[in-house]
Amino acid sequence: MIADDEPFVRRTLADYLRTAPNLVVVGCATNGPDAVRLARDGRADVVLMDLRMPGGDGYTATQALRRALPDIRVVAITALDSRQAAQAAIRAGALGFLRKSAGRDVVVDTVRLVARGHSVLPQEELSRLTGGAASRDTPPESAPHLTQRERQVLGRLAQGMSNRQIAADLGISESTVKMHLTSVMSKLGVASRVQVLAAAHRLGLTSSE
């Protein structure tokens, strides 16, 4: 589903998605409340959510969707060149972040990845969130203690692997991967895969060892 108040943006995104195999646009909304109402119909797996819309912004709508329909994945879309916008969208519960200038392939790939459970954040946005690349001089004591296995799981997550791929690569079960990720999130003080990646990059913890 697409939520954006600009007709041109809605048409462009819909055209991108309709030409991709196995993707269907099930509805379009022009503001946040409409997006939540349409999503409650139960047909959408992924919502492309504009962050600034008259009549109800995307941040509030994303929070409402995550509370009411936790299985729906939200990708924030914006024309804003703002670190704060990306941070706020992720805090609201978005699993992906796209600029409206993104090309067809980027949009389609992002939707597919988020639908499979990945968190998708362009490298430049990750850099913005972390205030730049992780420093090689980060003091060890500034990072929480992670076990070797937690670092291995985190490193593979940073490479874009799903839980299933991480499990296969390390020879462990998916439930064990989830257990390690839950522990990592707790130690880093974050609540989503995107936030854990941002924190891990900031602290230099993403080597797969």
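All values reported here derive from a predicted model rather than from experimental measurement. (Residues numbered from 1 in each chain as written. Predicted model: local features only at pLDDT ≥ 70, side-chain atom pairs only at ≥ 80, totals over all residues. Heavy atoms only, no water.)

Looking at the pairing of strand S4 (residues 73-78)
- With five of its six residues buried, S4 lies for the most part within the structure.
- Pairing geometry for strand S3 (residues 46-50) and S4, over five bridges, is parallel. What sits directly across from leucine 48, in S4, is valine 75.
- Traced from S3 through helix H3 (residues 58-68) to S4, the parallel crossover comes out right-handed.
- As defined by bridge partners, S4 adjoins strand S5 (residues 96-99) across four bridges and the pair is classed as parallel. Within the sheet, the bridge partner assigned to valine 75 lies in S5 and is glycine 96. (Buried < 20%, exposed > 50% of the residue type's maximum accessible area, 1.4 Å probe, protein only. Helix = DSSP H or I, 4+ residues; strand = E, 2+ residues; numbered from the N terminus. Pairing = 2+ DSSP bridges. Right-handed = clockwise from strand over helix to strand, strands pointing away.)

Quick notes on the pattern of salt bridges
- Tallied over the entire structure, the rule returns eight salt bridges.
- One salt bridge in this structure joins lysine 187 and glutamate 150, with 2.9 Å as the shortest N-O distance. Of the two residues, lysine 187 sits in helix H9 (residues 174-188) while glutamate 150 sits in helix H7 (residues 148-158), which places them 37 residues apart along the sequence.
- Classification of lysine 187 as partly exposed rests on a relative accessible area of 33%.
- Across the pair arginine 156 and aspartate 169 runs a salt bridge, and its minimum N-O distance is 2.5 Å. Remark: aspartate 169 occurs in helix H8 (residues 163-170) and arginine 156 occurs in helix H7; sequence separation between them is 13 residues.
- The partly exposed category is assigned to aspartate 169, whose relative accessible area is 45%.
- Connected through salt bridges with shared partners, the residues Asp4, Glu6, Asp50 and Lys100 form a single ionic network. (Salt bridge = Lys/Arg side-chain N within 4 Å of Asp/Glu carboxyl O.)

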